Amino acid sequence: MAACGRVQRLLLLMFISGWMSSALEGKPDTENAAENPERGRNGAGEGKAAAPDGASAGRRSGGWKLAEEAACREDVSRICPKHSWNNNLAVLECLQDRKDVRKPSLYANKSLNDRFFPLIKFDGMKMQVVVALSTHGCSLQDVHSQGEVIACLEKGLVSEAEEQPGQYTIKEDCKKSIMRVAELSSDDFHLDRHLYFACREDREHFCENTPAGEGKVYKCLFNHKFEESMSEKCKDALSTRQKLIAQDYKVSYSLAKACKPDLRKYRCNMDTAMPRAREAKLSYLLLCLEAAVHRGQTVSGECQGEMLDYRRMLMEDYSLSPEIVLHCRGEIDTHCSGLHHKGRTLHCLMRVSRDKGILEGHCQKALQTLIQETDPGADYRIDRALNEACESVIQTACKHIRNGDPMILSCLMEHLYTDKMVEDCEHRLLELQYFISRDWRLDPILYKKCQNDAARICHTHGWNETSEFMPPGAVFSCLYRHAYRTEMQGRRLSRDCKTEVQRILHQRALDVKLDPELQQRCMTDLGKWCSEKIEPGQELECLQYHLDDLVPNCRDVVGNLTELESEDIQIEALLIRACEPVIQSYCHEVADNQIDTGDLMECLVANKHQKEMNEKCAVGVTHFQLIQMKDFRFSYKFKMACKEDVLKLCPNIKKKVDVVICLSTTVRNDTLQEGREQRVSMKCRKQLRVEELEMSEDIRLEPDLYESCRQDIKQHCQNVVFGNAQVIECLKENKKRLTQHCHQKVFRLQENEMMDPELDFQLMRVCKQMIRRFCTETDANNLLQCLKQNKNSELMDPKCKQMITKRQITQNTDYRLNPVLRKACKADIPKFCQNILNNAKDDNELEGQVISCLKLKYADQRLSPDCEGQISVILQESALDYRLDPQLQLQCTDEILRLCAEEVAAQEQTGQVEECLKINLLKISHEGCKKEVLNILKESKADIFVDPVLHTACALDIKHQCAAIPPGRGRQMSCLMEALQDKRVRLQPECKKRLQDRIDMWSYAAKVAPAEGFVDLAGQVLTSPAKRYILSMLATCVVLLFLMGLLCGRITKRVTQELKDR
């Protein structure tokens, strides 16, 4: 057997050399016959005639037979079919493909050279090879140049595949012969004479211990091809060899041997509709066997190992892919020259395609095809550039995952933009993911879990089958549209597939370029609106912000993605990562749910102002809230709860804020009309309440208000941060300085907040604990009323008390901001204050004029009981704090600062400022202020509770002397005045002093402010402490007048009897 192997190896070498000699020395058969009739016989060997069928002497020789050689006779008879024994080359091929025939060194026995060489003559090939050699620049001088001529032809074959300019087209028969020679030399690198001599030293350096045979030396040299110490000549020879393998996998002995059973098993070379050249390509073999692996079928481990090596080889060197060389030549020269090693050129092309989108269509397609052929998604190690760049990240962040597992890429994506990620790895990863994202099949885990769903729902083909009607990303778009369907909406994905779809969506949210549909439709808008947004996640946020400005196609895809995010905010991986502390503290229960349905975002909004909330999370949550305002569909829970109500009650309204206003107005109108059934469903009303409360937190969530007050915010609140309703509170505090339009909007906002205190975000935030303490059972609409009633409690929080006072001041500026007063005085206001209403303007405060009007009528005791009760409360509150009396504060600002600075500085709010103004009444120069102080004195006569200083001084005397007298209508004040005049009653000194001061003040008030009419006069009499005396005197006068009239009338009007009788 060994002897035959030696003969076989030697004959193969002579065959290669002899074939070239025959090609170089020969001419066409007709010329040979004419010029040298004897040449045919000599060529046949020792004067023997050529074969009668006209075949070449080398193929049908009647001379020496390899099968008859003593060293090979036994092996040939045992292995090769009998009909081939007369054909030396057939025997040679038969023995070459047998694994049980040993093939030792070439240099054993050369004595057969003279006997075998004359057999090698291909008459039909002579002229063609000569022309091919000449065209490709191969030397014709030395026909025994140790394989240089064959190497030259191989390079010519490769150049033709790459369609390099000026190349001669080699005929198919010649191509087959060249490839067959390469195939026959695939076992041992000694057989490739050119490569052997080019790489002898490199073999000794890199592969010294690698035995020859079975292509092992080739593979060893391939693995060291990009080593700096490897010679350029050897690199060039290795590249040519690899390119030939790419054209025909059989040129690789180890690959053909390892995968032969699997190729036969999965019929990878049985497609009769496909040209043979296509079936032989390495790419076709890889696609066919990878498809079997992805279908879950078994491919031998040895074959998979070989496939892995050659997939890595294709990713390392772009020049091994003729399509890349052909279609990307210009891009490589322009952007990627000098980056040939270790897959860097391919990644450069990927980067150009990803970042600039300027790759020509054929080049982009060639890259996408190469990624599918090599399938680096299945094993990251195939991509050497990625492997080297991400090695440190994998060792730290993904060390728990088995080496080579497809989940490594997913793990790297999860750590994108984190502290563990390095910049080089980030770039290489995104470049590869850009192409993987364009074909759902390139993510092996997604394909495994979803191939049945994709076939059932999206009508997909097999792994290695493509369709011109299925654009990039279309299958995945189909999958995620069905991933979030409910059972009522029809076909849904399996649980495993949905999980994988969500994983991919989370990864794609990290970079807008990982969404093919989004990038394709929005390329123009990205350049127009978002060219400066370079931080992670900013491009999508920018598109969402400019949603109304986008072209329709882009607006649709951005809208669909935003709607999807509203249902599952965990798609926003960067936001979830930033909000991790808040989620862990407050939202871990909803975050753990497989189905989000908007609960997590609702929880984040509710806890937006917790101490765990960092700036990035707060900004992200607020951005999503602002985007939701653009379309009610972007709020999943609101959409699901109110979809039917919106279609019925608010058709053709799209913006969420307008839908909320429409629905809330409907609810309010139905509530005010007693007995009317609510048109808005209960589930919608509940969610509507949530949306209203969320909108109150940030002025930007109310676009109409924000746009109306944008200039005022810049002027008066430029240093106030958004959120926590701080900007809204700033506008309220500067309300008098606002522009007319903004002022009206703020007034309308305050009116709504007073009617529904839960919408007052600052009040609810500051007084949250006090509401729990004092108002747990209070209806939501009466929360402010409850807080006011408990304002002076010792348990009241000072900050909350201050906020309540602010709201009281606001309410007293206009009766419309006090819904309780407005309802109680519904009849009294138009009756007594109509002239004020006639001069009022809508949405402008009346500066307390109506309330002042009602106060005066209260002093005159002309109000209805309900209205009188509410005015009494206002009087008591404003008597303690002058700021609650807007007219007093308006008229007496300068006087208060001049006369009562110490009382103002004390901030005791016990009525000391009002008392100061009363005491200094004679010093007040401003007529308006003096009039307001006189009104206060007049009002205090009607009820002692309106005068807190006097009430405090006389509290014991009221208890002892007037306990049986009910308060109000001046009754207790009259009781004290009578007690003061009664010498038998001894009042407290302080009370007596304060009462005497009040009498003097009232006397002065009567002088400087006499009654303006009978009504005022009657009011003064009725409210006077000497009311009984005055009334008794008036009654006496009336009786006297009546009697005098009777008497005088009888005397002056006597008539005679005669006149009566007429």
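Cut-off values and rules
- Residues numbered from 1 in each chain as written.
- Predicted model: local features only at pLDDT ≥ 70, side-chain atom pairs only at ≥ 80, totals over all residues.
- Heavy atoms only, no water.
- Helix = DSSP H or I, 4+ residues; strand = E, 2+ residues; numbered from the N terminus.
- Buried < 20%, exposed > 50% of the residue type's maximum accessible area, 1.4 Å probe, protein only.
- Contact = heavy atoms within 4.5 Å.
- Areas by Shrake-Rupley, 256 points an atom, 1.4 Å probe, with all protein chains shown as cover.
- Phe/Tyr/Trp six-rings, centres within 6.5 Å; stacked < 30°, edge-to-face > 60°.
- Lys NZ or Arg CZ within 6 Å of the ring centre and 35° of its normal.
- Lys, Arg positive; Asp, Glu negative; His and termini not counted.
- Salt bridge = Lys/Arg side-chain N within 4 Å of Asp/Glu carboxyl O.
- pLDDT = per-residue confidence, 0-100.
- Core = buried A, V, L, I, M, F, W, Y, C linked by side-chain atoms within 4.5 Å.
- Axes fitted to C-alpha atoms, helices over the stretch in contact; angles between N-to-C directions.
- Parallel < 35°, antiparallel > 145°, perpendicular 65-115°, else oblique.
- Nonpolar A, V, L, I, M, F, W, Y, C, P; charged D, E, K, R; others polar.
- Patch = residues over 30% accessible without salt bridge, like charges linked within 9 Å, V, L, I, M, F, W, Y side chains within 5 Å.
- Disulfide = S-S within 2.5 Å.

Quick word on the overall build of the chain
- When helices and strands are tallied, the chain shows 64 helices and zero strands.
- Of all 1062 residues assigned to the chain, the portion counted as buried reaches 52%.
- Taking the intrachain contacts of the chain between residues at least 6 apart in sequence as the baseline, contacts between residues at least 24 apart amount to 64%.
- Accessible surface computed for the chain: about 52,500 Å², of which carbon and sulfur atoms make up 50%.

Focus: the packing of aromatic side chains
- By the definition in use, this model includes seven aromatic pairs.
- Between the aromatic rings of Tyr-706 and Phe-722, the centroid separation amounts to 5.9 Å while the plane-to-plane angle is 75°, which identifies the pairing as edge-to-face. Taken together, the positions of Tyr-706 in helix α40 (residues 703–708) and Phe-722 in the loop between α41 (710–716) and α42 (726–733) put the pair 16 residues apart, joining distant regions of the chain.
- Every member of this aromatic cluster is reached through a ring pair, and the members are Phe-189, Tyr-196 and Phe-197.
- Above the plane of the ring of Phe-476 lies Arg-508, whose end atom (NZ or CZ) is 4.2 Å from the centre.
- The lysine or arginine in question, Lys-630, covers the ring of Tyr-545, its NZ or CZ lying 5.8 Å from the ring centre.

Points about the side chain of Glu-702
- Here Glu-702 lies in the loop between α39 (682–695) and α40.
- Within the buried core, Glu-702 has no salt-bridge partner, and the shortest N-O distance to an opposite charge, that of Lys-732, equals 9.1 Å.
- The contacts of Glu-702, once residues within four sequence positions are left out, are Met-695, Ser-696 and Leu-749.

Re the confidence of the model for the chain
- Counting all residues, the mean pLDDT for the chain is 81, and 81% of those residues have values of 70 or more.
- Within the model, pLDDT remains below 50 along residues 102–131, and this stretch shows 96 contacts once partners closer than five positions in the same chain are excluded.
- Residue range residues 140–144 is modelled with pLDDT below 50. Its contacts to residues more than four positions away, or to other chains, number seven contacts.

Quick word on the nonpolar core
- Counting residues in hydrophobic clusters, the biggest one holds 92 residues, and the most contacted among them are Leu-282, Leu-289, Ile-324 and Leu-412.
- Excluding residues that lie within four positions of it along the chain, Leu-412 makes contacts with Cys-390, Val-393, Ile-394, Cys-398, Met-421, Cys-425 and Leu-429.
- With 33 residues, the next largest nonpolar core counts Ile-896, Leu-899, Leu-987 and Leu-995 among its residues.

Some points on the environment of Cys-975
- Summarising the element assignment, Cys-975 is placed in helix α60 (residues 971–981).
- For the pair Cys-975 and Cys-962, spaced 13 residues apart in the sequence, the C-alpha separation amounts to 6.2 Å.
- If sequence neighbours within four positions are ignored, Cys-975 has contacts with Gln-961, Cys-962 and Ile-965.

Considerations on the packing of helix α16 (residues 282–294) against helix α21 (residues 361–374)
- Close contact between α16 and α21 brings their axes to 8 Å; oriented N to C, the two are set at 55°. If you check the angle between α16 and α21, you find them oblique. Across the interface between the two elements, Ser-283, Leu-286, Leu-287 and Glu-290 from α16 touch Gln-372, Glu-373 and Thr-374 from α21.
- Classifying every residue of the contact of α16 with α21 by side-chain character gives two nonpolar, three polar and two charged.

Considering a nonpolar patch on the surface
- Taken together, the side chains of Val-1039, Phe-1042, Leu-1043 and Leu-1046 present a nonpolar region at the surface, about 400 Å² in accessible area.
- For Leu-1046, the position within the fold is in helix α63 (residues 1027–1052).
- Relative accessible area serves as the criterion here: at 47%, Leu-1046 is assigned to the partly exposed category.

Structural notes on the packing of helix α51 (residues 849–859) against helix α52 (residues 865–880)
- For the pair α51 and α52, interaxial distance at closest approach is 10 Å and the crossing angle is 105°. As judged from the angle between their axes, α51 and α52 are roughly perpendicular. Counted together, Ile-851, Leu-854, Lys-855 and Tyr-858 of α51 and Cys-867, Glu-868, Ile-871, Ser-872, Ile-874, Leu-875 and Ser-878 of α52 form the full contact between these two elements.
- Considered class by class, the residues forming the contact of α51 with α52 number seven nonpolar, two polar and two charged.

A look at the state of the cysteines
- Overall, the coordinates contain 26 disulfides when judged by the stated rule.
- There is a disulfide in this structure between Cys-458 and Cys-478, and the S-S distance comes to 2.0 Å. Judged by the torsion about the S-S bond (-90°), the Cys-458/Cys-478 disulfide is left-handed. Of this pair, Cys-458 sits in helix α26 (residues 444–458) while Cys-478 sits in helix α27 (residues 474–483), and the two are 20 residues apart along the sequence.
- Residue class for Cys-458 comes out buried when judged on its relative accessible area of 8%.
- Here Cys-892 pairs with Cys-929 through a disulfide, and the sulfurs are 2.0 Å apart. Between Cys-892 and Cys-929, the S-S dihedral sits near 110°, and the bridge is therefore right-handed. Of this pair, Cys-892 sits in the loop between α53 (886–891) and α54 (893–899) while Cys-929 sits in helix α57 (residues 927–942), and the two are 37 residues apart along the sequence. Both residues of the pair, Cys-892 and Cys-929, count as buried.

Details of the pattern of salt bridges
- One pass over the structure, following the stated rule, counts 57 salt bridges.
- A salt bridge links Arg-883 to Asp-881; the shortest N-O distance between them is 2.8 Å.
- Across the pair Glu-990 and Arg-994 runs a salt bridge whose closest N-O atoms are separated by 2.9 Å. On the criterion of helical spacing, the pair formed by Glu-990 and Arg-994 is a turn pair, its members being four residues apart in helix α61 (residues 989–1008).
- A relative accessible area of 38% means that Glu-990 is categorised as partly exposed.
- Linked by salt bridges that have partners in common, Glu-915, Lys-918, Asp-947, Glu-990, Arg-994 and Arg-998 make up one network.

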